[in-house]
Amino acid sequence: VVILGTVAFWVKIPYIVIFMAEAVNFGLYWFTDGRFSFILVTLILFVLSVLKLLYSKVNRFEETTNKLLTNKAVGVAFVCVPFLFLVGSVALVLMYKNNVNIAITINQLLSDRLIHASKALSNYPLLPFGAFVEWKGFGGIGYAEAVPEDFLNTYNFVDISYIRGLFDFGIIPTVLIVLGYGLAIKKAAQKKELVLVLALLATVLWCFVEPFMFTLG
């Protein structure tokens, strides 16, 4: 909720509201152990709090920010950000497959996401325009559906959008989707829409722990 709207809208939001949002965020973490979502929401609220302070206290801060957003080099950097996540996610999975210590540590932070992504790279083909993979995850299991026998051994759900997209859509469409995100961020920056830029950057970061980077549904 906090990242929606214009700069003029969220600059007027009282700090107590941001504090309440973080309190709700902490409550969700306490009851669900959603670590990465807790970190991301906390980061977003922190950044917005700092920007709120700067916009209200620093002279010409908005003018300086707008100049930075419309800078050509910054625009190119914005286009590159989603590609860095794509390349970085593939690199992390390959590092995990080769037992690199830092990747093993990151896998623990990401709740074993690199395990299933690395298994997918070993078990399924990477094609230019994708291939059908029957993903078996926890959706509905245990309450909407009975737990299948040998479920943990058949679990294969890839929960990283950048890796999942390479299988579902294929290499070429995934690159185009990532390019679309980058161009959307650049376009928002050119329009001086700082809040939208922050929202899109948060989205491409969130795609690292969610499978739904792009859905026709």
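Predicted, not measured: the structure shown is a model, and the values here were computed from it.

Focus: the packing of helix α6 (residues 101-109) against helix α7 (residues 113-123)
Relative placement of two packed helices is described by the angle separating their axes and the distance separating the axes.
Phase 1: For the pair α6 and α7, interaxial distance at closest approach is 7 Å and the crossing angle is 115 degrees. On the side of α6, the interface is formed by Ala103, Ile106 and Asn107, while α7 contributes Arg113, Leu114 and Ile115.
Phase 2: When grouped by side-chain class, the residues that make up the contact of α6 with α7 number 4 nonpolar, 1 polar and 1 charged.

Some remarks on the packing of aromatic side chains
Phase 1: Taken as a whole, this structure holds 10 aromatic pairs when the rule is applied.
Phase 2: Members of the aromatic cluster, each reached through a chain of ring pairs, are Phe26, Tyr29, Trp30 and Phe38.
Phase 3: A cation over a ring is seen here: Lys52 above Tyr15, with NZ or CZ 5.0 Å from the ring centre.

Some details on the pattern of salt bridges
Phase 1: All chains considered together, the criterion is met by 4 salt bridges.
Phase 2: In this structure, Asp159 engages Arg113 in a salt bridge whose closest nitrogen and oxygen atoms are separated by 3.0 Å. Of this pair, Asp159 sits in the loop between α8 (151-154) and α9 (161-168) while Arg113 sits in helix α7; the two residues are 46 residues apart in sequence, bridging distant segments of the chain.
Phase 3: Overall, Asp159 belongs to the buried group, its relative accessible area being 19%.

Some thoughts on unusual backbone geometry
Phase 1: The residue Arg60 is not glycine, and still its phi comes out positive at about 60 degrees.
Phase 2: Relative to the helices and strands, Arg60 resides in the loop between α3 (35-57) and α4 (61-69).
Phase 3: One non-glycine residue with positive phi stands out, namely Lys192, at about 65 degrees.
Phase 4: Of note, Lys192 is situated in the loop between α10 (171-190) and α11 (194-206).

Observations concerning the nonpolar core
Phase 1: Counting 39 residues, the largest nonpolar core has Phe78, Trp135, Ile160, Tyr162, Ile163, Val197 and Met213 as the members making the most contacts within it.
Phase 2: At the level of elements, α3, α4, α5 (72-97), α7, α9, α10 and α11 are the ones that each hand at least two residues to this core.
Phase 3: The dominant element in this core, judged by the number of residues it contributes, is α5, at 7 residues.
Phase 4: Once residues lying within four places of it in the same chain are set aside, the contact partners of Phe78 are Leu69, Gly182, Ile185, Lys186, Ala189, Val197 and Leu201.

Section: the side chain of Ser49
Phase 1: Here Ser49 shows up in helix α3.
Phase 2: By relative accessible area, which is 19% here, Ser49 ends up buried.
Phase 3: Once residues within four sequence positions are removed from consideration, Ser49 is found in contact with Tyr15 and Ile18.

Observations regarding helix α2 (residues 15-32)
Residues three or four positions apart in an α-helix share a direction because the helix packs 3.6 residues into each turn.
Phase 1: The first and last C-alpha atoms of α2 sit 26 Å apart over 18 residues, in line with the 26 Å expected at 1.5 Å per residue.
Phase 2: Positioned one or two residues after α2, Asp33 has a phi angle of 60 degrees, which is positive.

A short note on α7
Phase 1: Turning to α7, its buried residues number three or more, namely Arg113, Leu114, His116, Ala117, Ser118 and Ala120.
Phase 2: Residues of α7 that are buried make contact with α5, α6 and α9.

Looking at the side chain of Asn25
Phase 1: As for its placement among the helices and strands, Asn25 is situated in helix α2.
Phase 2: With residues up to four places along the chain from it excluded, the contact list for Asn25 reads Ser37, Phe38, Val41 and Thr42.

Brief notes about a nonpolar patch on the surface
Phase 1: Taken together, the side chains of Leu126, Phe129, Ile171, Ile172, Val175 and Leu176 define a hydrophobic patch exposed on the protein surface, amounting to about 540 Å² of accessible area.
Phase 2: Secondary-structure assignment places Phe129 in the loop between α7 and α8.

Re the packing of α10 against α11
Phase 1: Here α10 crosses α11 at 160 degrees, and the two axes come no closer than 8 Å. In terms of orientation, α10 and α11 fall into the roughly antiparallel class. Of the two possible hands of crossing, α10 and α11 adopt the one that is left-handed. Residues Tyr181, Ala184, Ile185, Ala188 and Ala189 of α10 form the contact with α11, whose participating residues are Leu196, Val197, Leu200, Leu201, Thr203 and Val204.
Phase 2: For the contact of α10 with α11, the per-class residue count stands at 10 nonpolar, 1 polar and no charged.

Quick notes on the rules
Residues numbered from 1 in each chain as written. Predicted model: local features only at pLDDT ≥ 70, side-chain atom pairs only at ≥ 80, totals over all residues. Heavy atoms only, no water. Axes fitted to C-alpha atoms, helices over the stretch in contact; angles between N-to-C directions. Helix = DSSP H or I, 4+ residues; strand = E, 2+ residues; numbered from the N terminus. Contact = heavy atoms within 4.5 Å. Nonpolar A, V, L, I, M, F, W, Y, C, P; charged D, E, K, R; others polar. Phe/Tyr/Trp six-rings, centres within 6.5 Å; stacked < 30°, edge-to-face > 60°. Lys NZ or Arg CZ within 6 Å of the ring centre and 35° of its normal. Salt bridge = Lys/Arg side-chain N within 4 Å of Asp/Glu carboxyl O. Buried < 20%, exposed > 50% of the residue type's maximum accessible area, 1.4 Å probe, protein only. Core = buried A, V, L, I, M, F, W, Y, C linked by side-chain atoms within 4.5 Å. Expected span 1.5 Å × (residues − 1). Patch = residues over 30% accessible without salt bridge, like charges linked within 9 Å, V, L, I, M, F, W, Y side chains within 5 Å. Areas by Shrake-Rupley, 256 points an atom, 1.4 Å probe, with all protein chains shown as cover. Parallel < 35°, antiparallel > 145°, perpendicular 65-115°, else oblique. Left-handed = near helix turned anticlockwise from the far one by under 90°.

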